[in-house]
Amino acid sequence: MNIFIEVSKGRKILETILGIFFTILSIAIGVFLLPDLLPILGRTPYLILEPDSGVRHELSIDWFWQSIGWVIAYFCFRGGRSFLRDARKP
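Chemist: Quick question: what am I supposed to make of a positive patch on the surface here?
Modeler: Side chains of Arg-78, Arg-81, Arg-85 and Arg-88 sit close together on the surface and give a patch of like positive charge. Mapped onto the fold, Arg-85 is located in helix H2 (residues 53–88). Using a relative accessible area of 47% as the deciding quantity, one classes Arg-85 as partly exposed.

Chemist: What is the right way to look at the packing of aromatic side chains in this model?
Modeler: What describes a pair of aromatic rings is the distance from one ring centre to the other and the angle between the planes of the rings. Under the criterion given, the structure shown has four aromatic pairs. Look at Phe-64 and Trp-65: their rings are 5.1 Å apart centre to centre, the planes differ by 70°, and that puts the pair in the edge-to-face class. Judged by relative accessible area, which is 45%, Phe-64 ranks as partly exposed. Where Tyr-74 meets Phe-75, the ring centres are 5.4 Å apart and the plane angle is 70°; that geometry is what we call edge-to-face. By relative accessible area, Tyr-74 is classed as partly exposed at 45%. Ring pairs connect the aromatic residues Phe-21, Phe-22 and Phe-83, which therefore count as one cluster.

Chemist: What is the right way to read the environment of Glu-15 from this model?
Modeler: With respect to the secondary-structure elements, Glu-15 resides in helix H1 (residues 2–48). For Glu-15, a relative accessible area of 12% gives the class buried. With 60 residues separating them in the primary sequence, Glu-15 and Phe-75 have C-alpha atoms 16 Å apart. Setting aside residues no more than four positions away along its own chain, Glu-15 makes contact with Phe-83, Leu-84, Asp-86 and Ala-87. A distance of 3.3 Å separates a polar side-chain atom of Glu-15 from the backbone nitrogen of Ala-87.

Cut-offs used in this document
Residues numbered from 1 in each chain as written. Predicted model: local features only at pLDDT ≥ 70, side-chain atom pairs only at ≥ 80, totals over all residues. Heavy atoms only, no water. Patch = residues over 30% accessible without salt bridge, like charges linked within 9 Å, V, L, I, M, F, W, Y side chains within 5 Å. Areas by Shrake-Rupley, 256 points an atom, 1.4 Å probe, with all protein chains shown as cover. Salt bridge = Lys/Arg side-chain N within 4 Å of Asp/Glu carboxyl O. Lys, Arg positive; Asp, Glu negative; His and termini not counted. Charge placed at Lys NZ, Arg CZ, Asp CG, Glu CD. Helix = DSSP H or I, 4+ residues; strand = E, 2+ residues; numbered from the N terminus. Buried < 20%, exposed > 50% of the residue type's maximum accessible area, 1.4 Å probe, protein only. Phe/Tyr/Trp six-rings, centres within 6.5 Å; stacked < 30°, edge-to-face > 60°. Contact = heavy atoms within 4.5 Å. Polar contact = N/O pair within 3.5 Å; in protein donor to acceptor, adjacent residues only side chain to side chain.

Right, here's the structure in full:
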């Protein structure tokens, strides 16, 4: 019976560490992406109407990579939160 208690304590510690790690990782990704998001928001209305298709293509690539980064940050945050929730369960 003692081995099950030790495994349970080890599982809770591991889930707590993973939860904290994923939460901090999601915050770091968001902080890394935020300075690039603000200029994209500022230039988007002007570049959408640009007749040069190369400029619009660069804008679409910037938006694509921003959205991929924010999706990764979101799923890291959700994963970290679920690990922390599981660590609290008996």
